[in-house]
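# Coordinate inspection notes
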Number of protein chains: 2
Amino acid sequence: MANQSNLVTLATWMAGDFSNWEQAIANPPFFAHIRVCIRPLPVALSDRGIWLYSEQAYDYELNRPYRTAILQLVLTDDSEFPIAIENYKIKDGAAYHGASREPERLRSLQREGIDHLAGCKMLVQITPRNSFKGFVEEGKGCMVIRDGKETYLASEFEISEHEFSSLDRGYDPLTHERVWGSIAGAFEFTKKTSFTIFANLA
Amino acid sequence: MANQSNLVTLATWMAGDFSNWEQAIANPPFFAHIRVCIRPLPVALSDRGIWLYSEQAYDYELNRPYRTAILQLVLTDDSEFPIAIENYKIKDGAAYHGASREPERLRSLQREGIDHLAGCKMLVQITPRNSFKGFVEEGKGCMVIRDGKETYLASEFEISEHEFSSLDRGYDPLTHERVWGSIAGAFEFTKKTSFTIFANLA
């Protein structure tokens, strides 16, 4: 079973500024140069677990992320998936664009300012190779509107101390055909900067 | 059969600055924002056909194209593919990086400065929908080294007055498995700026 120390390790590995620069320059033009920046919230939104803010953006427009999320890392009672990551949406998301690199701006965020996303929990296992691997919970319930079309999300990631890979795809709820997402493979990120997760405990 | 006028139309449609911006913002992060800039050579490298210089680059580093080519558009005797595009490599390619947007720099280019790429000719047909469609010639002979591995190129494009799509993939010569390239689909470009192909005839 996982314990608080595993949760801290996962949060510590996630907290940072990631880039897939190496992948982008090795495979032009098939992988955009993407940055993922995950910042611990300076003020936790509840007593339970560890709270993070995540932004994904093209490297050339870091302040216009195409995806943002509030993540809550918690321990579970499930021996297969001892950690879960709950997923939330900031109601006024645009107001926080760029805040992953200006974390003081996140102080104003309150529990009432976010909505829980049902069906979008990531279930996380600890692997034998010293990494964490996560999968969106079963049920095809994490709905994503894309190009006006409703799809359900299939998402997985793996993270270790310095590397982070992620693969997202959207499927049609009726035909189960892939509607969007990478068919070429996962994004492969390396950690460029680490952020402490303990500053917010001070 | 095609005539000189078809050749001029194809060259005119190709000569310009293309972007897949609309595709990139509609599908983040699965399509990088790419620019293709094709410029008529100010001094033709032979009397035969129409000569162009092509650069493909990430929008955020236009002066570091990841692919450049010299293209020679010629008429053929083949009724199915009445136009061919011969492909050449500039020996000192880096010296011309950015020249698609500073075409005066192309004046120094001479026939001795380029190498013909065998097996990489594109065969072009005129479609009923007022476009040209090209395919790399048969024979699996257009070799591309990628990540230290030799592959043969499968490439196709379609171009009309304002739109240009292209799809490139590399295959293993022994197993015929796909080694690199888009599995997600073609790049879809629209023309942002047109260049005249007649300036060089002045």
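Please refer to the structure higher up on the page.
Everything in this summary refers to the structure shown in the same document. Starting from 1, residues in each chain are numbered consecutively following that chain's sequence as written. Here every chain gets a letter starting at A, and every ligand a number starting at 1, in the order they are written. Given that the model is predicted, a residue must reach a pLDDT of at least 70 before its local features are reported, and side-chain atom pairs must reach 80 or more before they are shown or counted; all residues, however, enter totals for whole chains, interfaces and linings. Side-chain figures throughout are based on the complete set of non-hydrogen atoms in the structure, without hydrogens or water.

So, on to the relation of the copies chain B and chain A. For this overlay, a least-squares fit was computed on C-alpha atoms, restricted to residues scoring pLDDT of at least 70 in both copies. For the pair chain B and chain A, the relating rotation is 180 degrees, the translation along its axis is 0.0 Å, and the fit reaches an RMSD of 0.0 Å. In symmetry terms, the pair is related by a two-fold rotation axis. Taking C-alpha positions as reference, the residue of chain B nearest the rotation axis is Ala 32 of chain B, located at 2.1 Å. Only heavy atoms matter for contacts: two residues are in contact if any of them lie within 4.5 Å across the pair. When the interface residues of chain B are mapped onto chain A, 96% of them again lie at the interface, so the same face is used by both copies.

The next subject is the packing of aromatic side chains. Aromatic ring pairs are defined here through the distance separating the ring centres and the angle between the ring planes. Here is the rule: rings of Phe, Tyr and Trp (six-membered ring for Trp) pair when centre to centre is within 6.5 Å. Planes less than 30 degrees apart are stacked, more than 60 are edge-to-face, and the remainder are tilted. This model, assessed by the stated rule, comprises 27 aromatic pairs over all chains. Each ring, one from Phe 187 of chain A and one from Phe 30 of chain B, has its centre 6.1 Å from the other, and the planes form 35 degrees; the classification is tilted. Remark: Phe 30 of chain B occurs in the loop between α2 (21-26) and β2 (34-40) and Phe 187 of chain A occurs in strand β13 (residues 187-194); the pair is interchain, linking two chains. When sorted by exposure, Phe 187 of chain A lands in the same class as Phe 30 of chain B, which is buried. Plain terms: the ring middles of Trp 51 of chain B and Tyr 88 of chain B are 5.1 Å apart, the flat faces sit at 40 degrees to each other, and that makes the pair tilted. The secondary structure listing takes helices from DSSP runs of H or I that are at least 4 residues long and strands from runs of E that are at least 2 residues long, numbered from the N terminus. With a 1.4 Å probe rolled over the protein chains alone, any residue whose accessible area is under 20% of its type maximum counts as buried; one over 50% counts as exposed, and the rest are partly exposed.

This brings us to the side chain of Ser 19 of chain A. All names here are of chain A. Topologically, Ser 19 is positioned in strand β1 (residues 16-19). Definition of a polar contact: a pair of N or O atoms within 3.5 Å, with one able to donate and the other able to accept a hydrogen when the atoms are protein atoms, and with sequence-neighbouring residues admitted only if both atoms are side-chain atoms. Only 2.9 Å separates the side chain of Ser 19 from the backbone nitrogen of Trp 21, close enough to count as a polar contact. Ignoring anything within four residues of it in the chain, the contact list for Ser 19 reads His 33, Ile 34, Arg 35, Glu 188, Phe 189, Thr 190 and Lys 192.

Here we come to the environment of Ala 11 of chain B. Residues and elements named next belong to chain B. Mapped onto the elements, Ala 11 comes out in helix α1 (residues 4-14). Taking the C-alpha atoms as reference points, Ala 11 and Arg 39, separated by 28 residues in sequence, lie 9.5 Å from one another. With residues up to four places along the chain from it excluded, the contact list for Ala 11 reads Ile 50, Leu 73 and Ile 197.

Residue and element names in this part refer to chain A. To count as a disulfide, a pair of cysteine sulfur atoms needs to be within 2.5 Å. Taken as a whole, this structure holds two disulfides over all chains when the rule is applied. In this model, Cys 120 is linked to Cys 142 through a disulfide, with the two sulfur atoms separated by 2.0 Å. Disulfide Cys 120 to Cys 142: torsion about the S-S bond roughly 95 degrees, handedness right-handed. Here Cys 142 lies in the loop between β8 (132-136) and β9 (143-146) and Cys 120 lies in the loop between β6 (114-116) and β7 (122-126), a separation of 22 residues in the sequence. Here Cys 120 falls in the buried class, since its relative accessible area comes to 6%.

With that settled, the discussion passes to the side chain of Asn 87 of chain B. Relative to the helices and strands, Asn 87 of chain B is located in strand β5 (residues 83-90). Residue contacts for Asn 87 of chain B: discarding those within four places in its chain leaves Ala 69, Ile 70, Leu 71, Asp 115, His 116, Leu 117 and Cys 120 of chain B.

Our next topic: the nonpolar core. Membership of the largest hydrophobic core comes to 78 residues, with the highest contact counts inside it found for Leu 73 of chain A together with Leu 73 of chain B. Once you skip the residues sitting within four places of it in the chain, Leu 73 of chain B turns out to touch Leu 7, Leu 10, Ala 11, Met 14, Gly 49, Ile 50, Leu 52, Ala 84 and Ile 85 of chain B. Think of a nonpolar core as a cluster: buried Ala, Val, Leu, Ile, Met, Phe, Trp, Tyr and Cys residues, connected wherever their side-chain atoms sit within 4.5 Å.

Once that is clear, we can look at empty space enclosed by the protein. Any residue with an atom within 4 Å of a point lines the site, the site being either a cavity, points on a 1 Å grid over the protein atoms alone where a 1.4 Å probe fits but cannot get out, or a pocket, an open set with protein on both sides within 12 Å along at least 5 of 7 lines. Grid points are joined across faces, edges and corners, and a volume is the space filled by probe spheres set on the points. Considering all chains together, one arrives at three cavities of 30 Å³ or more under this definition. Its volume calculated, the second largest cavity comes out at about 70 Å³. Along its surface, the second largest cavity is lined by Pro 29 and Phe 30 of chain A together with Ile 34, Gln 56, Tyr 66, Arg 67, Ser 166, Leu 167, Asp 168, Phe 187 and Phe 189 of chain B. Counting only elements with at least two residues in the lining of the second largest cavity, the list comes to β11 (163-171) and β13 (187-194) of chain B. The dominant element in the lining of the second largest cavity, judged by the number of residues it contributes, is β11 of chain B, at three residues.

For the rest of this paragraph, the subject is the pairing of strand β4 (residues 67-75) of chain A. All names here are of chain A. At least two bridges found by DSSP between two strands is the condition for calling them paired. Relative to β4, strand β3 (residues 50-58) is paired through seven bridges, and the arrangement is antiparallel. Each residue of the ladder has a partner; that of Tyr 53, found in β4, is Ile 70. Note: β4 against strand β5 (residues 83-90), six bridges, orientation antiparallel. Bridge pairing in β5 links Ile 70 to Tyr 88.

Facing 26 residues of chain B, the contacting portion of chain A comprises 25 residues. Buried surface area refers to the total accessible area, computed with a probe of radius 1.4 Å, that the two partners give up upon joining, counted for both partners together. Between chain B and chain A, roughly 2200 Å² of surface is buried when both sides are summed, and carbon and sulfur atoms account for 62% of that area. For the chain B face of the interface with chain A, the top three residues by lost area are Pro 29, Phe 30 and Tyr 60 of chain B, together amounting to 31%. Salt bridge, as used here, is a side-chain nitrogen of Lys or Arg placed within 4 Å of a carboxyl oxygen of Asp or Glu. Linking chain B to chain A there are zero salt bridges. Inspection of the chain B/chain A interface yields eight residue pairs in polar contact (both at pLDDT 80 or more). In terms of residue count, α2 of chain B provides more of the side of chain B that touches chain A than any other element does, three residues in total. All residues other than Ala, Val, Leu, Ile, Met, Phe, Trp, Tyr, Cys, Pro, Asp, Glu, Lys and Arg, Gly among them, are scored as polar; the first ten of these are nonpolar and the last four charged. Partitioned by chemical class, the residues of the side of chain B that touches chain A number 16 nonpolar, four polar and six charged.

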